[in-house]
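So you can see what is in the structure, the chains are spelled out below.
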Amino acid sequence: MSSVKLGSKADAFQRKGQAWFCTTGLPSDVIVEVGEMSFHLHKFPLLSRSGMMEKLIAEASGGEGEARCVISLPDIPGGDKTFELVAKFCYGVKLELLATNVVYLRCAAEHLDMTEEYGEGNLISHTESFLNQVVLRNWKNSLIALQSCDDVLLLAEDINITTRCIESLAVKAGSDPNLSGWPIVEYGGPMQSPGGSVLWNGISTGARLKNSCSDWWYEDVSCLSLPLYKRLISALESRGIKQEVLAGSLTSYAKKYLPGLNRRQSASESKNHLEPAHTGGLPSEEDQKLLLEELDKLLPDQKGLIPTKILFSLLRTALILRANPSCISNLEKRIGMQLDQASLEDLLMPNFSYTMETLYNVECVQRILEHFLAVDQVTGGVSPTSFDGGQLMGSPSLTSITMVAKLIDGYLAEVAPDINLKLPKFQSLAAAVPDYARPLDDGLYRAIDIYLKAHPWLADADREQLCRLMDCQKLSLEACTHAAQNERLPLRIIVQVLFFEQLQLRTSISSCFLASDNIDGSRQLRSGLVASSDGVWNTAVRENQVLKVGMDSMRMRVSELEKECSNMKQEIQKLGRVETSTWGNMSKKFGLNLKSQMCSAEEGSVSNHNSETGKSEQRKEKLGKHKNKQLSLK
């Protein structure tokens, strides 16, 4: 039962323009003006039900019993439509109590003092009974009644209608609706009986629906105004509902009123749900700004409850609407807590400020990264010394910061083509990522190369300073091959790359030789144990051939690199003969540093010397050994 019928008489009211007339046959002796509408009524039915009408009629008559009096009711809740129903109730005309009009009638009855003192079964008692026995026991009716409270909020608060509706909704939203049989699926799905079974043509089938998800009420409550919605969320929180459920409801509410958050939502997704009481399109920019700032205060602080993509959308909206700095800062901190869950598309936020020339908001991304690093340190982030066998030890914190480092390197590569991006900003963002967070520097090298290509006017000193951000030892062989032929890199960086590439190749060759010896030993042992197995022998032969092909390709690569290094040394010597003495001293110093690096790297791969001679003799001996080793490889 969702309605109650009052009165038994036939409708005796007729409207003519902006006036209502009672067609009982007796001339009217009182005119009640409500807004622009006039009601031509009789004194006795009104004063017999309403204490306020009795007082106003007595004052308006002024002792002249036969004179027609005029009464004005400008502040009656619900306006002329509600007073029409009140007049019908006073005359005993049939009317229907519904969830859509009961709040207005209850408030109007309170305003007109329609208590039991002025007649048994008066309007206050009827509306109170309908609210308690029908409206508050049903989810949909409670929500409709709460929406009606917006228009008569002050009086609804005084008679406690708003609080009762909110508590009713909070109880139902925090419980399993299938256990209580609330008809939450009546909007478009199958109807249920009070026991929870599915109805077919009004007949119980005995079958039950699957348990509803915890988000079944999100769309419905998003029709509430912001003040009422905030009170409902507070009531739910006080009842101990899970934070992730509240976060989902807040997200749904934000999508409904903030454009840009629900672009992928289908048009038919919400057609079966309640519509807002006032459908006036999207809120204004000022209303959206206030809504965003209020939602920021309601969002939970726990990590991962709000999707990162939604948080980025909220941050973009806050930047567009120019929300207060505290709101923007809070959103940046929330994103920083879960930056490892973001994607590159999320970080590419356009710059909405007129004072900044860059295409993307690089400063905002840097602040988000700083928040992430601060949280990572507080929660026990991995230190740079956490190594195990030359590799970083795996841990949740390390995995997160490694993902963020990869994300930032990708972001740097995307913003690098912007010619307005200044070198200090690029360097600052790239250097903010700790060294231990990058297992490889290939992504950083790619970003630096793109930046150098887009900024060809950079001075040599700036180029070298920029290239110092990457560690040449942490470049892969593919990156080293590309860097060795990259004319945009400074000469010193190219030499370092060639040196470390050759060192990696030698290490790889040594490991291959060691693996080959192990394979040969295992083959001999296997042939001694199973001499009659032809299949095993054929497999060993094929493995040996594959290994020889790999070794040949490595030897050819080493030979090519040695030729390139020799050519570069000749070019450096030619430059040294032409340049001034100052340049000669600098190249001498540069060569000394390079040789010292080569010596330190060679010491790990050759046998230890028992005695050390002069620097020049030691270099000659090492070069001789190097040539002998090359001959032995060939």
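We now turn to the structure provided with this report. All residue numbers here refer to positions counted from 1 along the written sequence of the relevant chain. Under the rules for a predicted model, residues below a pLDDT of 70 receive no local features and side-chain atom pairs below 80 are neither given nor counted, while totals for whole chains, interfaces and linings still include all residues. Note that water and hydrogens are dropped before the side-chain values are worked out from all heavy atoms of the structure.

## Structural notes on the overall build of the protein chain
Here's step 1: Broken down by element type, the protein chain carries 26 helices and 11 strands.
Here's step 2: Split into buried and exposed, the 634 residues of the protein chain put 41% on the buried side.
Here's step 3: Contact between two residues is taken to exist if any of their heavy atoms lie within 4.5 Å; hydrogens are not considered. Partitioning the contacts of the protein chain with sequence separation of at least 6, the portion at a separation of at least 24 is 69%.
Here's step 4: Methods summary: accessible areas were calculated by the Shrake-Rupley approach with a probe of 1.4 Å, and residue burial reflects only the protein chains presented. For the protein chain, the accessible area works out to roughly 34800 Å², and carbon and sulfur atoms hold 53% of it. Runs of E in the DSSP output that reach at least two residues are strands. Runs of H or I that reach at least four are helices, and both are numbered from the N terminus. For every residue, the accessible area (1.4 Å probe, protein chains only) is compared with the maximum for its type, and the residue is labelled buried under 20%, exposed over 50%, or partly exposed between those bounds.

## Considerations on the packing of helix α15 (residues 325-337) against helix α17 (residues 362-378)
Here's step 1: Note on geometry: axes are lines fitted to C-alpha atoms, helical ones only across the stretch in contact, with angles between N-to-C directions running from 0 to 180 degrees. Direction vectors running N to C along α15 and α17 enclose 55 degrees, while the axes themselves pass 8 Å from each other. Viewed along their axes, α15 and α17 adopt a mutual orientation that is oblique. Pair α15 / α17 crosses with right-handed handedness. In contact with Glu 332, Lys 333, Ile 335, Gly 336 and Met 337 of α15, α17 contributes Cys 364, Arg 367, Ile 368, His 371, Phe 372 and Val 375. Every angle not falling under 35 degrees, over 145, or within 65 to 115 is termed oblique; those three ranges are roughly parallel, roughly antiparallel and roughly perpendicular. Two helices cross in a left-handed way if the nearer one is turned anticlockwise from the farther one by less than a right angle. They cross in a right-handed way if the turn is clockwise.

## Brief notes about the environment of Gly 78
Here's step 1: Considering the arrangement of structural elements, one finds Gly 78 in the loop between β6 (69-72) and α3 (79-91).
Here's step 2: With 30 residues separating them in the primary sequence, Gly 78 and Ala 108 have C-alpha atoms 7.3 Å apart.
Here's step 3: Beyond its immediate sequence surroundings of up to four residues, Gly 78 is in contact with Tyr 104 and Val 152.

## What to know about the nonpolar core
Here's step 1: Formed by 152 residues in total, the largest nonpolar core has its most connected members in Val 32, Leu 41, Trp 217 and Leu 314.
Here's step 2: Not counting chain neighbours up to four residues away, the residues in contact with Trp 217 comprise Trp 139, Ala 173, Leu 236, Ile 241, Val 245 and Ser 249. Only buried residues count toward a nonpolar core. Its members are Ala, Val, Leu, Ile, Met, Phe, Trp, Tyr and Cys residues joined through side-chain atoms within 4.5 Å.

## What about the side chain of Ser 142?
Here's step 1: Counting through the fold element by element, Ser 142 comes out in helix α6 (residues 139-148).
Here's step 2: Counting of polar contacts relies on pairs of N or O atoms within 3.5 Å, with two restrictions inside protein: one atom must be capable of donating a hydrogen and the other of accepting it, and residues adjacent in sequence are counted only when both atoms are side-chain atoms. Side-chain polar atoms of Ser 142 contact the backbone oxygen of Val 135, separated by 2.9 Å.
Here's step 3: Excluding residues within four positions of it along the chain, Ser 142 makes contact with Val 135, Leu 136, Arg 137, Cys 165, Ser 168 and Leu 169.

## Concerning the pattern of salt bridges
Here's step 1: In what follows, salt bridge is the name for a side-chain nitrogen of Lys or Arg lying within 4 Å of a carboxyl oxygen of Asp or Glu. Counted according to the given criterion, the structure contains 20 salt bridges.
Here's step 2: Two residues, Arg 488 and Asp 449, come together in a salt bridge whose shortest N-O distance is 2.9 Å. Taken together, the residues Arg 488 in the loop between α22 (477-484) and α23 (491-529) and Asp 449 in helix α20 (residues 442-454) connect sequence positions 39 residues apart.
Here's step 3: Assessed through its relative accessible area of 30%, Arg 488 is described here as partly exposed.
Here's step 4: As a salt-bridge pair, Arg 492 and Glu 464 come within 3.7 Å of each other at their nearest N and O atoms. Here Arg 492 is found in helix α23, whereas its partner Glu 464 is found in helix α21 (residues 460-467), with 28 residues between them in sequence.

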